[in-house]
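What the coordinates show
Next come the chains, spelled out residue by residue.
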Amino acid sequence: MTDPVPTAAAGGSLTVVIALGANLLVAIAKTIASVITGSASMVAETAHSWADFGNEIFLLIADRRSVKQRDDRHPLGFGREAYVWSMFAAFGIFTAGAVVSIWHGIQELITPEDATDFGIAYIVLAVAFVLEGISFTQAFRQARAGGKRRGISTGSYALTSSNATLRAVFAEDAAALIGLALAFPGILLHQVTGLAAFDAIGSILVGALLGGVAIVLIDRNRRFLIGENPDDGLRNDVLGGLLERPEIERVTYLHLEYVGPGKVFLVASVDIVGDDTETHVAYSLRRIEESLRQNEHIEEALLSLSTPDEPSLEVA
């Protein structure tokens, strides 16, 4: 299997907890700065950080609920809970972050307000950059490790991985750092020129950035909720593993579908070695299925018999 993810306790939750703590500290600092300075960009950054803080709570819930053991009513487990709660978090970015930032920026353009104490704004932006950078570093390390395992770039892994919480934290923290870079020139130009329009434009740009990130995250979670197939590397690994089993002569059908972070549902048609009786073949299939379920990344495995005329699958 080529897309394993750490358990919630080991990796995923640590990334979310670090992001949660960083966003709380940053949100408090930005709130104080926005009240003192009256900067539109700082108000946008404040909305952004409080939205991120709320979203991390959703992601913690996603981590906890997605690792629950399956039961009779949920034969494919609870893994898709991660995509449901991550979807809530993505909607939070869009509404509490993007909409508020853009709306406040437009209001500032229409009715400009005086801003003061710019030094405080710069200090808070610098502190926020450090804290967000620490959080992003943790998410980046986790994504880079996964990317190396799959032989793809860090960004590609974060975008395509079945690990919804990692993708959300990676995207949110990257957006936060870019947002700070957008807010700084807006505040600086406001101070230098005395024109609040620059500050307002900074707020609108931050909102547009958050809106774009939210749309990407919503789309990725939507894909996993309706059934995302793993990449060719994972498919080849699973197919190769089946063909290496001494009981299996060939495989004619293979379906893999993510049912949670690092968890797949496997359906395959196989040709069992020899020409045994129906009863013995049925027992052989059940033994193979049970063996496949021992893999921590296979939530469920169902095998059926191939017909002689079906073409064999080969590892690409």
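All values reported here derive from a predicted model rather than from experimental measurement.

Conventions adopted
Residues numbered from 1 in each chain as written. Predicted model: local features only at pLDDT ≥ 70, side-chain atom pairs only at ≥ 80, totals over all residues. Heavy atoms only, no water. Helix = DSSP H or I, 4+ residues; strand = E, 2+ residues; numbered from the N terminus. Rg over C-alpha atoms; globule rule 2.2 N^0.38 Å. Buried < 20%, exposed > 50% of the residue type's maximum accessible area, 1.4 Å probe, protein only. 1 Å grid on protein atoms, 1.4 Å probe; cavity = no way out; pocket = protein on both sides within 12 Å on 5 of 7 lines; lining within 4 Å. Points joined across faces, edges and corners; volume = space filled by probe spheres on them. Nonpolar A, V, L, I, M, F, W, Y, C, P; charged D, E, K, R; others polar. pLDDT = per-residue confidence, 0-100. Contact = heavy atoms within 4.5 Å. Pairing = 2+ DSSP bridges. Axes fitted to C-alpha atoms, helices over the stretch in contact; angles between N-to-C directions. Core = buried A, V, L, I, M, F, W, Y, C linked by side-chain atoms within 4.5 Å. Expected span 1.5 Å × (residues − 1). Patch = residues over 30% accessible without salt bridge, like charges linked within 9 Å, V, L, I, M, F, W, Y side chains within 5 Å. Areas by Shrake-Rupley, 256 points an atom, 1.4 Å probe, with all protein chains shown as cover. Salt bridge = Lys/Arg side-chain N within 4 Å of Asp/Glu carboxyl O.

1. Observations concerning the overall build of the protein chain
Regarding its fold elements, the protein chain presents nine helices and three strands. By the compact-globule yardstick of 20 Å for 316 residues, the protein chain is too spread out, its C-alpha radius of gyration being 25 Å. Its C-alpha atoms give the protein chain principal-axis dimensions of roughly 85 × 30 × 30 Å. Of all 316 residues assigned to the protein chain, the portion counted as buried reaches 50%.

2. Describing the layout of surface pockets
Taken as a whole, the second largest pocket holds about 210 Å³ of empty space. Along its surface, the second largest pocket is lined by 14 residues, and Asp 271, Ile 272, Gly 274, Asp 275 and Leu 305 are the ones closest to its centre. Only strand 2 (263–272) and helix 9 (278–293) provide two or more residues apiece to the lining of the second largest pocket. Considering each element in turn, the lining of the second largest pocket owes the most residues, three residues, to strand 2. Each residue belonging to the lining of the second largest pocket can be placed in one class, and the counts come to six nonpolar, three polar and five charged.

3. Observations concerning the confidence of the model for the protein chain
Parts of the prediction with low pLDDT should not have their coordinates interpreted in detail. Per-residue confidence for the protein chain gives a mean pLDDT of 87, with 96% of residues at or over 70. Across residues 4–11, confidence stays below pLDDT 50; counting only partners more than four residues off in sequence or on other chains, it has 18 contacts.

4. Points about the side chain of Gln 138
For Gln 138, the position within the fold is in helix 4 (residues 118–150). Among the residues examined, Gln 138 registers a relative accessible area of 17% and is labelled buried. Setting aside its immediate chain neighbours within four residues, Gln 138 contacts Leu 14, Thr 15 and Ile 18.

5. Points about the sheet that holds strand 1 (residues 248–260)
Read across the open sheet, the three strands follow the order 1-2-3; overall the sheet is mixed. The strands lining the two open edges of the sheet, one partner per strand, are strand 1 and strand 3 (298–305). Between one strand axis and the next, the sheet turns through 15 degrees on average, direction left out of account. Relative to strand 3, strand 2 is paired through seven bridges, and the arrangement is parallel. Bridged to Phe 265 within strand 3 is Glu 300. Its contacts with the sheet place helix 9 against strand 1, strand 2 and strand 3, and it is angled at close to 160 degrees to strand 3.

6. Quick notes on the nonpolar core
One broad rule of soluble globular proteins: the nonpolar side chains tend to lie buried together. Grouped together as the largest cluster of nonpolar side chains are 27 residues, with contacts concentrated most on Leu 242, Leu 254, Leu 266 and Leu 292. If we ignore the near neighbours within four places in the chain, the residues touching Leu 242 are Ile 248, Val 251, Leu 254, Ala 268 and Leu 292. Among the nonpolar cores identified, the runner-up in size contains 17 residues, and Leu 59, Leu 60, Phe 136 and Ala 139 belong to it.

7. A few points about helix 4
End to end, helix 4 covers 46 Å across 33 residues, agreeing with the expected 48 Å (1.5 Å per residue, within 8%). One or two positions beyond helix 4, positive phi appears at Gly 151, with a value near 70 degrees.

8. A closer look at a nonpolar patch on the surface
Together, Leu 24, Ile 28, Ile 32, Val 35, Ile 36, Trp 50 and Ile 120 make up an exposed nonpolar region whose accessible area comes to about 590 Å². Looking at the secondary structure, you find Trp 50 in helix 2 (residues 40–66).

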